[in-house]
Amino acid sequence: MTNSINEMDDANCILAIGTNTTAAHPIIGLHVKKAVRNGTKLIVANPKEIDLVRFADIFIQHRPGSDVALLMGMMRVIVDEGLHDEAFIQEHCEDFEVFKKSLEEYDLAFVQEKTGVPWEKIVAAARMFAENSPGSILYAMGITQHTHGTDNVFATANLAMLTGSIGKPSTGVNPLRGQNNVQGACDMGGLPNVYPGYQKVTDPAAKAKFEAAWGVELDDKVGLTHTEIFDEVLNGRVKALYMMGENPALSEANASHAVKAMEELDFFVVQDIFMSESARFADVILPAASYAEKDGTFTNTERRVQRVRRAIEPVGDARPDWWIACEIAKRMGVEGFDFENPREIMQEIASLTPSYGGISYERIEEVGLQWPCPTEDHPGTPYLHKGKFALPGGKGVFHELTYKPSAENPDKEFPLLLTTDRSLYHYHTATMTRRVEGLEILDGEEFLKINPKDAEKFGLDDGEMVKVISRRGETPVRTKVTRICPPGVVSMTFHFHESPTNMLTNDALDPVAKIPETKVAAVRIEKMNGH
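Residues numbered from 1 in each chain as written. Predicted model: local features only at pLDDT ≥ 70, side-chain atom pairs only at ≥ 80, totals over all residues. Heavy atoms only, no water.

Student: Help me out: how do you make sense of the sheet that holds strand S19 (residues 474-481) in this one?
Tutor: The pairing of strands in a sheet comes from backbone hydrogen bonds and takes either a parallel or an antiparallel form. Overall, mixed pairing links the six strands, which are arranged S16-S20-S17-S19-S18-S21 in a closed barrel. Strand after strand, the sheet turns through a mean of 45 degrees between neighbouring axes, direction not considered. Relative to S19, strand S18 (residues 465-469) runs antiparallel, the two sharing five bridges. Note on S19: the bridge partner recorded for Met 465 is Arg 478. (Pairing = 2+ DSSP bridges. Helix = DSSP H or I, 4+ residues; strand = E, 2+ residues; numbered from the N terminus. Axes fitted to C-alpha atoms, helices over the stretch in contact; angles between N-to-C directions.)

Okay, structure coming up:
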């Protein structure tokens, strides 16, 4: 997030697009609802009528995959009506004229056709966001999990710059991270193209710095993304895999592809807190300590580095992840892993990662700090891009965007469009939450949410067991007839191994971010024999 969570309370307008905030990020959802009670305007853009719609001033129910058309259409209105922040653009941005020219593609007829949204509603949303500054944009995987996910993100950035809604309190482009330490994992180099602190592996200076610190020769080539690893296993170029805290058998798009890859590995190590669906394919399983059994830090979605403290001793043979990694390295004869505790690891992080340079256990004993925090006397950074953008030249760059359709759309064979979401009561692949009896009572089974018109069209009853089939696989599931989904769109979560939704989803990739198109897959429904 460019801005802080509590700043939403003082925004005059919030645009929540591609995020089921109250279900996937309930604490942030509370902030949004509090802001609305205090007079903040709320625009919700989502293919489904999610709970947050109850609090919205404007609800835009656009077709899955049409986000660029929607956002660029809104920006066409803002520019045509002179509602853009010319002074901010002149001082802080570049390539505006090229971007402005690209808006010509997004006229009334085109945007209505692609989004399925009446032009009048798009105009109303555009005016509301532009005229109620400061404005904050929230998004989640409903924006990113597309073959044009990078363009979707660029579109949100364009809108923020166009309205001067960046680099100020209660504004910003705010991606809501899907798990508690996803931000921290990325910060620490859990990506194939960067070292900790987003220092590029292709940068000779960064490479030299880490080689000197770690005493090894490093590769300057960009590695494989999560999805590409499984492709390379099946291509015979990856023979062994060490997987920590991940469950691709349920979470990976086109999951049968990942399962086949895990089956073919020569050597497979899984490190996790419970036996997962993916761990069943492992040659070695290393029992890891849970969050309550270890010390360390988490970096949350607002870039806040916070202490995690052990509440109980690790159960059985479980050990902290850092300790397991260090012990394996030492037993392989590798130097530089003689850490005694997480505090020492944090000291190394601060010494090599400029954005974490001023963060220490002493400073975050009571309250966490938000990076960038480069020095020991720096107070942390509640919002980014103050005064100038953190880019070469200090200016934000507008992107011209051409509309691209999703990789797969409904047809005669697969007439419905499947999109995925999350439940308030379960967490990701539910390795933990499905072990909680109370949560199972509240939500213990997967449902295919389907509009009454589609249920009637295909002869389906509420609560009927059916088989959902895509070009990649099939899964059994019980129907739930509901108006949450519009006609032509069905929805499932991915928490339940009895109904593995990601056997259906599309693993076509965004060419830049290499993220799969989990949010759009063409499917058909068949009745199950005996039901």
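From this point, the narrative continues.
Student: Explain the nonpolar core here, please?
Tutor: One broad rule of soluble globular proteins: the nonpolar side chains tend to lie buried together. Counting 49 residues, the largest nonpolar core has Ile 17, Ile 43, Met 75, Tyr 106 and Leu 162 as the members making the most contacts within it. When residues no more than four places from it in sequence are discounted, the contact partners of Met 75 are Phe 99, Leu 103, Ala 155, Asn 158, Leu 159 and Leu 162. Among the nonpolar cores identified, the runner-up in size contains 17 residues, and Ile 14, Ala 16, Ala 35 and Phe 59 belong to it. (Core = buried A, V, L, I, M, F, W, Y, C linked by side-chain atoms within 4.5 Å. Buried < 20%, exposed > 50% of the residue type's maximum accessible area, 1.4 Å probe, protein only. Contact = heavy atoms within 4.5 Å.)

Student: How should the pairing of strand S9 (residues 240-244) be read in this particular structure?
Tutor: Successive side chains on a regular strand alternate, one facing one side of the sheet and the next facing the other. Here S9 shows one buried face, formed by Leu 241 and Met 243, and one open face, formed by Ala 240, Tyr 242 and Met 244. Direction of pairing for S9 relative to strand S10 (residues 267-272): parallel, over a ladder of five bridges. Of the residues in S10, the one forming a bridge with Met 243 is Val 270.

Student: Honestly, the packing of aromatic side chains in this entry has me stumped. Any pointers?
Tutor: Each pair of aromatic rings is reported with the distance of its centres and the angle of its planes. All told, the structure shown has 10 aromatic pairs when counted by the stated rule. Centre to centre, the rings of Phe 88 and Phe 389 are 6.4 Å apart; their planes meet at 70 degrees, and the pair counts as edge-to-face. A residue pair is termed long-range when its members are at least 10 positions apart, and Phe 88 in helix H4 (residues 86-92) and Phe 389 in the loop between strand S14 (369-370) and strand S15 (396-397) qualify at 301 residues. Across the pair, Phe 389 and Phe 88 agree in class, each one buried. Geometrically, the ring pair formed by Tyr 195 and Trp 214 is edge-to-face, given 6.4 Å between the ring centres and 80 degrees between the ring planes. With Tyr 195 in strand S7 (residues 194-195) and Trp 214 in helix H11 (residues 204-214), this residue pair connects regions lying 19 residues apart in the sequence. (Phe/Tyr/Trp six-rings, centres within 6.5 Å; stacked < 30°, edge-to-face > 60°.)

Student: Could you clarify how one ought to interpret the pattern of salt bridges in this entry?
Tutor: Oppositely charged side chains can form a pair if their charged atoms are brought close together. A complete count under the given rule lists 30 salt bridges for this structure. Across the pair Glu 440 and Arg 434 runs a salt bridge, and its minimum N-O distance is 3.0 Å. The salt bridge partner of Arg 524 is Glu 526, with a shortest N-O separation of 3.1 Å. Residue Glu 526 is classed as partly exposed on the basis of its relative accessible area of 30%. In this structure, a network of salt bridges that share partners links the residues Asp 295, Arg 307, Arg 309 and Glu 365. (Salt bridge = Lys/Arg side-chain N within 4 Å of Asp/Glu carboxyl O.)

Student: Can you help me understand the packing of helix H3 (residues 67-80) against helix H7 (residues 119-131) in this one?
Tutor: Helices that pack against each other are described as a pair by the angle of their axes relative to one another and the distance between those axes. Close contact between H3 and H7 brings their axes to 8 Å; oriented N to C, the two are set at 70 degrees. On the basis of the axis angle, H3 is roughly perpendicular to H7. When you trace H3 past H7, the crossing you get is right-handed. Between H3, through Leu 70, Gly 73, Met 74, Val 77 and Ile 78, and H7, the contact on the second element is made entirely by Trp 119, Ile 122, Val 123, Ala 125, Ala 126 and Ala 130. Of the residues assigned to the contact of H3 with H7, the class counts are 10 nonpolar, one polar and no charged. (Parallel < 35°, antiparallel > 145°, perpendicular 65-115°, else oblique. Left-handed = near helix turned anticlockwise from the far one by under 90°. Nonpolar A, V, L, I, M, F, W, Y, C, P; charged D, E, K, R; others polar.)

It is worth stressing that arrangement in space is one thing and function is another; only the former is reported here.
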